[in-house]
Amino acid sequence: MDKTKSFGISKKMVWEAYRRVRANKGAAGVDEISIEKFEEKLKDNLYKLWNRMSSGSYMPPPVRAVAIPKENGGERILGIPTVADRIAQMVVTMNLEPAVEPHFHPDSYGYRPGKSALDAVATARVRCWRRNWVIDLDIKGFFDNLDHVLVMRAVSKHTDCKWMLLYIERWLKAPMKNVDGTVTNRDRGTPQGGVCSPLLANIFMHHAFDEWLRQKYPHIQFERYADDALVHCKTEQEAKFICAEIKNRLAECKLELHPVKTKIVYCKDDDRRKEYPIQSFDFLGYTFRPRRARNKYGKYFVSFLPAISNKAKNKIRATIKKWRIHLITWRTLENIADKVNPVLRGWFQYYGRFYKSEMYPAVRNVEQYLILWVRKKYKRLKAHGRRARYYLGRIYKRSPELFVHWEHGLGSPIG
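Residues numbered from 1 in each chain as written. Predicted model: local features only at pLDDT ≥ 70, side-chain atom pairs only at ≥ 80, totals over all residues. Heavy atoms only, no water.

A. Seen up close, the pattern of salt bridges. Counted according to the given criterion, the structure contains 18 salt bridges. Put simply, R112 and E101 hold a salt bridge, and the shortest N to O gap is 2.6 Å. Within this pair, whereas R112 is found in the loop between α4 (83–100) and α5 (117–130), its partner E101 is found in the loop between α4 and α5, the two being separated by 11 residues in sequence. You can call E101 buried: its relative accessible area is 18%. A salt bridge links E245 to K216; its shortest N-O distance comes to 3.3 Å. One end of the pair, E245, is in helix α10 (residues 236–252); the other, K216, is in helix α9 (residues 197–216), and 29 residues separate them in sequence. Residues joined in a network through salt bridges with shared partners are E16, R19 and R20. (Salt bridge = Lys/Arg side-chain N within 4 Å of Asp/Glu carboxyl O. Helix = DSSP H or I, 4+ residues; strand = E, 2+ residues; numbered from the N terminus. Buried < 20%, exposed > 50% of the residue type's maximum accessible area, 1.4 Å probe, protein only.)

In C-alpha cells, the structure reads:
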C-alpha cells in the first residue's frame, strides 16, 4: 500500500475486484468499453483506477440506462456502470460484505453467500404447511425509490470507513444517461445493474424490515429475497394487522407497498376448509397453490405446494422459440445439444426442485423443434412427421444422454 495515498486501498484489492467482474461478464457502460477492450490496456487501466480510488479523486461516470420490457407492457430500467466503475464497486463490495454478512437475518436469502432462491422457496413451502395465511408483499419501485439519506444511515451502522462511505454516496448520486442520450440526475434509488446495489438493498431492508419485524413481532416468520418477501400468519385477522403494520413501517422508510400486487393468501389444502378468494401467490418463479399430492402410502390428497409459475413457463417457451433450432440445419444434433444443454440443465436444476412434472410441457417444446429440424434437414422426411419422430426416437434410445431433457425421459418414443 502506498503511504502517500489518502485511503488504504491496495493494488491487490483492485486486481481481485477486476477478476470477479471479468468472471461475471456484463455489457459496456456509457463509454462503450467492453471488458475485452478494457483488457487491451489492462495494466494502465487498473493502475489509473487504483490511483484515483486511493487518492479520493475517483468520480463515477453516469450509468447507462437499458430498458427491459415487462410482461405487463411496462419497462424496467437497468443502470449499467462502466467496466472500470464495476471494478470500483466490487472493491467496496468485497470489503463491506464481510462486515455486514454476520448481522443479516437467517431468512434473508437474496444475493448472499451460501443462500439461494431455492432455499427461500423450500422454507416457504414448509411454513405454508404450518401456518394458514401468507402476506405476499410487493414494494412499489423498490430499487428506484430507496432514500439516499436512509441508505447511508443504514450503511454507517456497519462501517465508519471513510472511503467506502464516500464512494457509496457518490454511486448513489451518479446520474443516469437515458436511451435518448439525455442525462438525468438522481436524488433517490440505486440502479439495478450496479455491483454494490444488491448489498445496499440488503443492508437497507435489514434495518427497515428484517430487524424491525424481529424486534417488534418476534413470533412472525418470513422469507425475503431482496425486495420480494412472504410473511406467515396463523389467522386472517393477524395477517391483516401485520400487513397494515408493515405498510406503516415501510412508509416511515419512504417506501410504499403496491396496493394491487400485495395480497393476503389462504393456504388451502385438505385440512383447511375455509373459503377465501385468494389461494395462490408467486414467489421467485414458483406458484404456490393447492395441488394434488400423494403420501407415502400411495393415497392422493390436496396439499399447498410450489411448482413452476406460468410466467416462468412462458419465458422458457419464448427462449426455446428464440433458439430457432429448426432453421439451423447445417448444425449437427451434437452442436445443437452443446448450445441448449447448459440452459436446459439450469431450468431442471431450478424449476425441477419442486413438483417437477409441471415444467415438462414447456420443456417438451425443444423436442417439437428438433422434430422440425429433422424434417427440414432430410428431404425424405419433410412430409412425414411420424417418420421424423421415429428417426429422432431411435437416436434418443441409442444416446439418451445427448440432450438434458432426454435424460429426464422427455424424448420422442419409437412407434
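B. Local environment of the layout of surface pockets. Counted as a void, the largest pocket has a volume near 1900 Å³. Lining the largest pocket we find 42 residues, and of these R76, D138, D228, K311 and K315 sit closest to its centre. Class assignment for the residues of the lining of the largest pocket results in 18 nonpolar, nine polar and 15 charged. Lining the second largest pocket are 19 residues, with N24, M90, G194, V195 and P198 positioned closest to its centre. Those elements giving two or more residues to the lining of the second largest pocket turn out to be α1 (11–24), α4 and α9. (1 Å grid on protein atoms, 1.4 Å probe; cavity = no way out; pocket = protein on both sides within 12 Å on 5 of 7 lines; lining within 4 Å. Points joined across faces, edges and corners; volume = space filled by probe spheres on them. Nonpolar A, V, L, I, M, F, W, Y, C, P; charged D, E, K, R; others polar.)

C. Spatial organisation of the packing of α4 against helix α8 (residues 162–173). Viewed as axis vectors pointing N to C, α4 and α8 meet at an angle of 135 degrees, and their least axial separation amounts to 11 Å. It follows from the interaxial angle that α4 and α8 lie oblique. With respect to the hand of their crossing, α4 and α8 are arranged in left-handed fashion. From α4, D85, A88, Q89, V91, V92, N95 and L96 reach across to α8, where they touch W163, M164, Y167, I168 and W171. (Axes fitted to C-alpha atoms, helices over the stretch in contact; angles between N-to-C directions. Parallel < 35°, antiparallel > 145°, perpendicular 65-115°, else oblique. Left-handed = near helix turned anticlockwise from the far one by under 90°. Contact = heavy atoms within 4.5 Å.)

D. Quick peek at the state of the cysteines. Following the criterion strictly, the structure yields zero disulfides and no others. Lacking any disulfide linkage, C253 is separated from the closest cysteine sulfur, that of C243, by 15 Å. By relative accessible area, which is 8% here, C253 ends up buried. (Disulfide = S-S within 2.5 Å.)

E. Molecular detail of empty space enclosed by the protein. Across all of its chains, the model carries two cavities of 30 Å³ or more by this definition. The space that makes up the largest cavity amounts to roughly 70 Å³. Lining the largest cavity we find 13 residues, and of these Q89, W171, T190, P191 and S197 sit closest to its centre. Those elements giving two or more residues to the lining of the largest cavity turn out to be α4, α8 and α9. The leading source of residues in the lining of the largest cavity is α8, at three residues.

F. Representation of the sheet that holds strand β5 (residues 183–184). Taken together, the four strands give an open sheet; going across it, the order is β2-β1-β4-β5, and neighbouring strands pair in mixed fashion. Because the sheet does not close on itself, it has two edges, and the strands there are β2 (75–80) and β5. (Pairing = 2+ DSSP bridges.)

G. Highlighting the sheet that holds strand β6 (residues 221–225). Reading across from one edge, β6-β7-β3-β8 is the order of the four strands in this open sheet, with antiparallel pairing throughout. Every interior strand has two partners, whereas the edge strands, β6 and β8 (263–266), have only one. Going across the sheet, the axis of each strand differs from the next one's by a mean of 20 degrees, ignoring polarity. Most of the contacts of α5 go to β6, to which it runs at about 155 degrees, and overall it touches β3 (133–138), β6 and β7 (228–233).

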